[in-house]
Amino acid sequence: MMRVRLLGTGSADGWPNAFCECASCLAAQHAQQWRGPTSALVDGRILLDCGPETPRAALRFEGGLQQVTHILVTHDHPDHSAPMALLSRAWAGRTEPLTVVGPAPVIASWCLWAAPDAPVRWQAVLPGDVLQADGYTVRVLAGAHGEEEAVVYDLTGPGGERMLYATDTGPLPEATITATTDAEFDLVLLEATFGDRRGPGAPSGTDHLDLSTFADQMVRLRGARALTRGSRIAAVHLSHHSPVDLRPRLGAWGVQVVDDGHAFQLDRAASRARARAAQPAEAMTGLVGGDDEPRRTLLLGGVRSGKSSVAEALFAADAPVTYVATGYVPDGDDHEWLERVAAHQLRRPAHWTTLETTDLGAALRGAQGPVIIDCLGMWMTSVLSRCGAWEQAPGWQHAVDQHVDALVEAWHAVRVPVVAVSNEVGSGVVPGSWSGRVFRDQLGRLNTRISAASERVLLVVAGRVLDLAALGSPAAATGSADETGQPAEVSRPHRALDVPAPSTDPADISSTPGRHAAVRTALHPVLDLTRHASTADSLEQDTA
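Residues numbered from 1 in each chain as written. Predicted model: local features only at pLDDT ≥ 70, side-chain atom pairs only at ≥ 80, totals over all residues. Heavy atoms only, no water.

Draft legend 1. Local environment of the overall build of the protein. Scanning the protein from N- to C-terminus turns up 17 helices and 22 strands. Sorting the 544 residues of the protein into buried and exposed places 53% on the buried side. Contacts spanning at least 24 positions in sequence make up 74% of the contacts within the protein whose residues lie at least 6 apart. As presented, the protein carries roughly 22,600 Å² of accessible surface, and 55% of it is formed by carbon and sulfur atoms. (Helix = DSSP H or I, 4+ residues; strand = E, 2+ residues; numbered from the N terminus. Buried < 20%, exposed > 50% of the residue type's maximum accessible area, 1.4 Å probe, protein only. Contact = heavy atoms within 4.5 Å. Areas by Shrake-Rupley, 256 points an atom, 1.4 Å probe, with all protein chains shown as cover.)

See below:
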């Protein structure tokens, strides 16, 4: 087995930033979550990055660095490369051999801090190099960090456990993805510095990952079978550009956000067992959720609430995803609608498939992977038109009911994760027109029936997400009738989308187990799941 202790999980300025009073930093202070620059210690012997705070963090969480034989530095930025550690080691009278590994600029900086007769060996590396380090195999892979000579490390332990340490990098070079083919990492530590690109000094470059490009790397690593069902993945190099609800947001993708000092105990056999235990459909689609993850999600919200962005964020790390667009195909005369459709298409990942249809039953029955339906409001508009509701044609209500029954039946039978987006129409003023009231009533009834058949129901208000499971369902509990006079469908139990509780897995050893509960208290039940604040606009039409 191999133990990986995270001595730091933050960015260069840490999180919170000591000079900042943004919402993200103040929330972190309130929760007493202090993150130092990212560094990791493997089995007490292999140190991955050594910034100025690393030795002190090692004393707090591991008892020191006395057993370290190799220091692997990714690049020569001061939060990762602080060679004064060599001076501290010399003052302690250590005479054991030590090897410092890194790109040439790292070696040039570090060798200035050691006496000519110091027991230190220097090893400059390039992407593609493979070396042995005290029984560990180190593969040096290319990073993408602007003009800086930066690498990431693929480390295999004596027992075969394998991890990827990828920090201070933008989207991984294609050569790096290729080099990880079939790696089936037990642990991936992947940076997410730019978060939602929000807050003071919001970044605009590509030298780091944001949450969107983080999800893209997960998809690419899954495609190479570097990341599997049995892999653990944790976000590191976190900064105040992250949202305050980072844990539940990344948790929806199966990504852990752990505290400084957390230790992962890697067991190759256990990782393979988790991978073999995956459901066939989950293994095929690359889903990260388990059997306890909700299969059916109804996502409600008002106009421009950000509900479409929230739906997209839920599946951002999955591949492939089918996006079912129910809106009418724009013609050349409706420029405003063309712009809305184009904006929606632009922010969808390139590997997603878009299906423009109102035959939702067929789309659900034929689905082989995750599905997003956007939205039920446009679908209902189409159904009302086809059934002659606007003209009050004889039998239109019966015809609409048949369409709704067929959709609900397909929703019940779906075998893959699905999210349906819909307008919440019951909170505004009573529409002044008959057609507006018909639309409101029919969509409200549809939402109620889909909700009753869903494990999870989310309400989006101004970009914030409220899990209605936290509020309960009085109608479902009492079996009361709905507004049509029919018995309300009883909702299945479903799990609140909340901050994950501390892990009880013996493979995860946390030095500060009480902090998860503190964050849950601070955040529950309102969660912000939008991918980017600037893309919260939803493709909607005011049909009333």
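Draft legend 2. Geometry of the sheet that holds strand E8 (residues 136–142). Sheet architecture is open: six strands sit in the order E7-E8-E9-E10-E11-E12, paired in mixed fashion. Single-partner strands in this sheet number two, and they are strand E7 (130–133) and strand E12 (232–236). Strand-to-strand twist of the sheet, defined as the mean angle between neighbouring strand axes without regard to direction, takes the value 20 degrees. As paired elements, strand E11 (residues 187–191) and E12 share five bridges and run parallel to each other. Its bridge partner being in E12, Leu 187 is matched across the sheet by Arg 232. Here helix H6 (residues 211–223) sits on the sheet in contact with E11 and E12, set at roughly 150 degrees to E11. (Pairing = 2+ DSSP bridges. Axes fitted to C-alpha atoms, helices over the stretch in contact; angles between N-to-C directions.)

Draft legend 3. The arrangement of the packing of helix H13 (residues 376–386) against helix H15 (residues 434–452) in detail. At a minimum axis distance of 10 Å, the contact between H13 and H15 shows a crossing angle of 125 degrees. Classified by the angle between their axes, H13 and H15 sit oblique to one another. Seen along the crossing, H13 lies across H15 with a hand that is right-handed. Across from Leu 376, Gly 377, Trp 379, Met 380, Thr 381 and Leu 384 in H13, the residues of H15 making contact are Val 438, Phe 439, Gln 442, Leu 443, Leu 446, Asn 447 and Ile 450. Grouping the constituent residues of the contact of H13 with H15 by class yields nine nonpolar, four polar and no charged. (Parallel < 35°, antiparallel > 145°, perpendicular 65-115°, else oblique. Left-handed = near helix turned anticlockwise from the far one by under 90°. Nonpolar A, V, L, I, M, F, W, Y, C, P; charged D, E, K, R; others polar.)

Draft legend 4. Structural view of the pairing of strand E18 (residues 418–423). Extensive coverage of E18 is indicated by the burial of six of its six residues. By the alternation rule, side chains of E18 split into Val 418, Ala 420 and Ser 422 and Val 419, Val 421 and Asn 423, which are all buried. With six bridges joining them, strand E14 (residues 296–301) and E18 adopt parallel strand pairing. Paired with Gly 301 across the bridge in E18 is Asn 423. Inspection of the sheet shows strand E17 (residues 371–374) paired to E18 by four bridges, in the parallel sense. In the sheet register, Asp 374 faces E18, and the bridge partner there is Val 421.

Draft legend 5. Looking closely at the packing of aromatic side chains. Under the defined criterion, the tally for this structure stands at one aromatic pair. A ring pair is formed by Trp 396 and Trp 434, whose centres lie 6.3 Å apart and whose planes are at 80 degrees; its orientation type is edge-to-face. With a gap of 38 residues between them, Trp 396 in helix H14 (residues 396–413) and Trp 434 in helix H15 connect regions that are remote in the sequence. (Phe/Tyr/Trp six-rings, centres within 6.5 Å; stacked < 30°, edge-to-face > 60°.)

Draft legend 6. Quick peek at a nonpolar patch on the surface. Taken together, the side chains of Met 84, Trp 91, Leu 112 and Trp 113 make up a nonpolar region of the molecular surface, amounting to roughly 530 Å² of accessible area. Considering the arrangement of structural elements, one finds Trp 91 in helix H3 (residues 84–91). On the accessibility criterion, Trp 91 (64% relative accessible area) is exposed. (Patch = residues over 30% accessible without salt bridge, like charges linked within 9 Å, V, L, I, M, F, W, Y side chains within 5 Å. Salt bridge = Lys/Arg side-chain N within 4 Å of Asp/Glu carboxyl O.)

Draft legend 7. How the structure looks around unusual backbone geometry. Along the chain, Trp 15 connects to Pro 16 via a cis peptide bond; the corresponding omega equals 10 degrees. Mapped onto the secondary structure, Pro 16 falls in the loop between strand E1 (2–8) and helix H1 (23–30). Each neighbour pair has its own omega, and for Asp 374 with Cys 375 the value is 5 degrees, a cis peptide bond. Its location among the elements puts Cys 375 in the loop between E17 and H13. Its identity is not glycine, yet Asp 43 carries a phi of approximately 55 degrees, on the positive side. Take Asp 43: it is sitting in the loop between strand E2 (39–42) and strand E3 (46–48). Located in the positive-phi region is Arg 304, a residue other than glycine, with phi close to 60 degrees. In this structure, Arg 304 sits in the loop between E14 and helix H10 (307–314). According to the relative accessible area criterion, Arg 304 is partly exposed, its value standing at 39%.

Draft legend 8. Main features of the pattern of salt bridges. In this structure the tally under the stated criterion is 16 salt bridges. Here Asp 259 and Arg 35 are joined by a salt bridge, their closest N and O atoms 3.8 Å apart. In this pair, Asp 259 sits in the loop between helix H7 (246–251) and strand E13 (263–266) while Arg 35 sits in the loop between H1 and E2, placing the two residues 224 residues apart along the sequence. Each member of the pair, Asp 259 as well as Arg 35, is classed as buried. Arg 45 serves as the salt-bridge partner of Asp 134, at 3.1 Å between the closest nitrogen and oxygen. Here Arg 45 lies in the loop between E2 and E3 and Asp 134 lies in the loop between E7 and E8, a separation of 89 residues in the sequence. Each member of the salt-bridge network shares a partner with another, and the members are Arg 3, Arg 5 and Glu 62.

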